[in-house]
Amino acid sequence: MGRAGLSTEALVSAAAALADREGLEAVTLARLAADAGVRPPSLYAHVDGLDDVRRRLSTRGARELAGVLRAAATGRSGGDALRAIATAHREHARRHPGTYLAAQRAPAKDDEEARAAAADAVDVLRAVLAGYGLEGDDAIHGARAVRAALHGFAMLEAGGGFGIKLDVDESFARLVDLLDRGLRD
């Protein structure tokens, strides 16, 4: 990205690519500036610092995850919908590890854009849980359980945490089956 192409969206895209390629911790203003061929102060014409870049990356990641989950859930219900979003969640975390990780950041209470993006992903999950008859607080508890299980699996898988030579795909399928049975109770 040369100086002529420098924009807020270009910087967030560069941050996403860098995070997915090298990890979220690799995203620094110095690195983004070097990749853009500019000095770090030049970035401040487009972003308000590293926290702003991370906020924008988180918002983008949440929107992307919501879109993937929505596409997977469309036309499905119950266990079929749960399996579809679980698989989509896992694949998204594999393909976009840095952006996915950025999306897990809780948005600030006064950041309406980030809150809306995060809520969009949760709304998809809540719609799937409605197929299990879960509403209100039960749906929130269910959403937390599903998110924690899927995120935990994704992080363990990404970090090489499954060292035993046993089919990880089968382990994932069993996890989703456990969630399905638990949500039915």
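Further up the page is the structure itself.
Bear in mind the structure is a predicted one, so any value in this text is a computation, not a measurement.

Caption draft 1: Representation of the side chain of Thr-59. Note that Thr-59 resides in helix H4 (residues 50–73). According to the relative accessible area criterion, Thr-59 is buried, its value standing at 2%. Apart from the residues within four sequence positions on either side, Thr-59 is in contact with Glu-113, Ala-114 and Ala-117.

Caption draft 2: Highlighting the nonpolar core. Core analysis: the largest hydrophobic core is formed by 30 residues, its most contacted members being Leu-82, Leu-129 and Val-146. Of all the secondary-structure elements, those providing two or more residues to this core are H4, helix H5 (78–95), helix H7 (112–130), helix H8 (136–158) and helix H9 (168–184). For Leu-82, the residues in contact, after removing those within four places along its chain, are Val-128, Tyr-132, Val-146, Val-176, Leu-179, Asp-180 and Leu-183. By size, the runner-up hydrophobic cluster in this structure holds 19 residues, among which are Ala-33, Val-38, Leu-43 and Leu-57.

Caption draft 3: Region of interest: the packing of aromatic side chains. The final tally for this structure, using the stated rule, is 2 aromatic pairs. For the pair Phe-153 and Phe-162, a centre-to-centre distance of 4.8 Å together with 40° between the ring planes defines the contact as tilted. When its relative accessible area of 8% is taken as the criterion, Phe-153 is described as buried. The exposure class assigned to Phe-162 is partly exposed, which follows from its relative accessible area of 33%. Here a set of aromatic residues connected by ring pairs shows up, and it is made of Phe-153, Phe-162 and Phe-172.

Caption draft 4: Spotlight on the pattern of salt bridges. Per the stated rule, a full pass over the model turns up 22 salt bridges. With a closest N to O distance of 3.3 Å, Glu-9 and Arg-60 form a salt bridge. Of this pair, Glu-9 sits in helix H1 (residues 8–22) while Arg-60 is found in helix H4, placing the two residues 51 residues apart along the sequence. Owing to a relative accessible area of 23%, Arg-60 belongs among the partly exposed residues under this scheme. For Asp-52, the salt bridge goes to Arg-55, with nearest N and O atoms at 3.4 Å. Taken together, the residues span about one helical turn, with Asp-52 and Arg-55 both in helix H4 at a distance of 3 residues.

Caption draft 5: Quick peek at the packing of H1 against helix H2 (residues 29–36). Here H1 crosses H2 at 110°, and the two axes come no closer than 10 Å. With respect to each other, H1 and H2 are oriented roughly perpendicular. Relative to H2, the crossing made by H1 is right-handed. Residues Leu-11, Ala-14, Ala-15, Leu-18, Arg-21 and Glu-22 of H1 lie in contact with H2, whose contacting residues are Arg-31, Leu-32 and Asp-35.

Caption draft 6: Representation of the environment of Leu-57 in the model. Along the chain, Leu-57 turns up in helix H4. Leu-57 sits 43 residues away from Tyr-100 along the chain, and the two C-alpha atoms are 9.3 Å apart.

Caption draft 7: Inspection of the environment of Thr-74 at higher detail. Here Thr-74 shows up in the loop between H4 and H5. The exposed category is assigned to Thr-74, whose relative accessible area is 56%. Expressed as a C-alpha distance, the spacing of Thr-74 and Pro-97, which sit 23 residues apart in the sequence, is 24 Å.

About the criteria used
- Residues numbered from 1 in each chain as written.
- Predicted model: local features only at pLDDT ≥ 70, side-chain atom pairs only at ≥ 80, totals over all residues.
- Heavy atoms only, no water.
- Helix = DSSP H or I, 4+ residues; strand = E, 2+ residues; numbered from the N terminus.
- Buried < 20%, exposed > 50% of the residue type's maximum accessible area, 1.4 Å probe, protein only.
- Contact = heavy atoms within 4.5 Å.
- Core = buried A, V, L, I, M, F, W, Y, C linked by side-chain atoms within 4.5 Å.
- Phe/Tyr/Trp six-rings, centres within 6.5 Å; stacked < 30°, edge-to-face > 60°.
- Salt bridge = Lys/Arg side-chain N within 4 Å of Asp/Glu carboxyl O.
- Axes fitted to C-alpha atoms, helices over the stretch in contact; angles between N-to-C directions.
- Parallel < 35°, antiparallel > 145°, perpendicular 65-115°, else oblique.
- Left-handed = near helix turned anticlockwise from the far one by under 90°.

No statement about biological role is implied by the geometric values presented.
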